[in-house]
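Report on the structure
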Amino acid sequence: MLFISILPELCAQSNNKEDKAYEIPDNIIINSRFYIDLEKGNKLTIELSDIADLQKVSNIDSLLTVFMNDLKPLKDSLSYPLASKRIDYVTDTRGRKKIRIQQSHPRGDSYLLNNGELSSLKINQDTINIIGVIADPSKPKQNKVSLKNPRYYRLVFYLNNIDELPGYMYGILSEKITIIQNNVNGKWHLVLGSGWHYLEKDKSITADKPRGMTQGGTGDMLELMQSVNIQNYKSYFVPSFSVGVKLVLSNRERTFKWEPALFWEPHFLFSKDAKGKLKTYRNDFLTLTYGQGGTTDHDPRKDFSFSAVFSIGYLIHRFGDFIDKNTFRIGAGKLKLLKTTIEPSLYFNNFFKGVTPGIRITQSF
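1. Focus on the sheet that holds strand β8 (residues 152-159)
Strand order across the open sheet formed by nine strands is β4-β3-β7-β8-β2-β1-β11-β10-β9, with mixed pairing between neighbours. Across the chains shown, the open sheet's two edge strands, defined by having one partner strand only, are β4 (97-104) and β9 (188-190). For this sheet, the mean inter-axis angle between neighbouring strands, taken without regard to orientation, is 20 degrees. With two bridges joining them, strand β1 (residues 32-37) and strand β11 (residues 202-207) adopt antiparallel strand pairing. Residue pairing across strands places Ile-36 opposite Ile-205, the latter belonging to β11. Lying over the sheet, helix α5 (residues 172-183) contacts β1, β2 (43-48), β8, β9, β10 (197-199) and β11, oriented at roughly 70 degrees with respect to β11.

2. Things to note about the side chain of Thr-45
Inspection of the secondary structure assignment puts Thr-45 in strand β2. With a relative accessible area of 8%, Thr-45 lands in the buried category. Leaving out residues up to four positions away in the same chain, Thr-45 has contacts with Arg-33, Phe-34, Tyr-35, Arg-154, Leu-155, Val-156 and Tyr-158.

3. Quick notes on the environment of Asp-126
With respect to the helices and strands, the residue Asp-126 is situated in strand β7 (residues 126-133). In sequence terms Asp-126 and Asp-163 are 37 residues apart; their C-alpha atoms lie 9.6 Å from each other. Looking at Asp-126, its side chain comes within polar contact range of the main-chain nitrogen of Lys-85, at 2.8 Å.

The rules behind each value
- Residues numbered from 1 in each chain as written.
- Predicted model: local features only at pLDDT ≥ 70, side-chain atom pairs only at ≥ 80, totals over all residues.
- Heavy atoms only, no water.
- Pairing = 2+ DSSP bridges.
- Helix = DSSP H or I, 4+ residues; strand = E, 2+ residues; numbered from the N terminus.
- Axes fitted to C-alpha atoms, helices over the stretch in contact; angles between N-to-C directions.
- Contact = heavy atoms within 4.5 Å.
- Buried < 20%, exposed > 50% of the residue type's maximum accessible area, 1.4 Å probe, protein only.
- Polar contact = N/O pair within 3.5 Å; in protein donor to acceptor, adjacent residues only side chain to side chain.

Bear in mind that shape data such as this cannot, by itself, settle questions of function.
Have a look at this one:
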């Protein structure tokens, strides 16, 4: 089962060096993302390492003018009107430019019949992917922006036809960026039935989250956690559940994180009374956990490896004579398989005078 669950992820990964050459480097984190509806199905996506860099891309007309001038020698490569085109245009930290043109020709011919006139029909949109480095960046406004790595921007246009790009210049796009700059901390409303938000000042501007924050957020987050557990205590089989909060803190590069958490954990033991009737005995632990380690894809929500994991719980509510008064439980180290963890633990009381080893299995949700 573990192999089957991992296999699709492995198959989905791409190690194509050519594709990576036309993408933002893996160590660069995108902290802000905005979508602008240009009408008629055309759209623009703006991605930034830091929200302060909106000022740097506000001269978008100049950026597009340079792009179009660099593309002129390659204009013959874009002559077939019905092919969907993708243009990647990347400027690296040394000012060098890389251009790639990909075209997808339709498998068949499509036509539009309008008032008796027949014309060829293009089905798929064109894509323009422009990536650049922010020159002389100002002090970052967001907390979790790397101070070591360069800051990048990406402009992605989705157009019915690449020839429509000049029509969005001459102040149209820079005006949209100015609206974002002036209102980014204003009201963002949820689009009902979706996870998108639109800017109250201009409904054509949307984002995944208010203020254009990406799904990874700032790298720090507070999560509500719940799980079911089974463990042994002496000769008893003890089911339990956990409810609590976990705080996730990460470094600026989001390569390392710290996770303190606090849980309420009712344990349930079962035994027959003097009349032979089965009774349930609930004993509650208050548990503090701590973990630290690496992340995957610079995303604190994804685990990579933990260099330290431990937990300590204390019996705060006792019913029955199963668990001794003033009992502590210590756990150290975890074996994790997807959302299931196996943790060795140790129950003790009276300063380690009464010690009981155990194994704890937790299924998180």
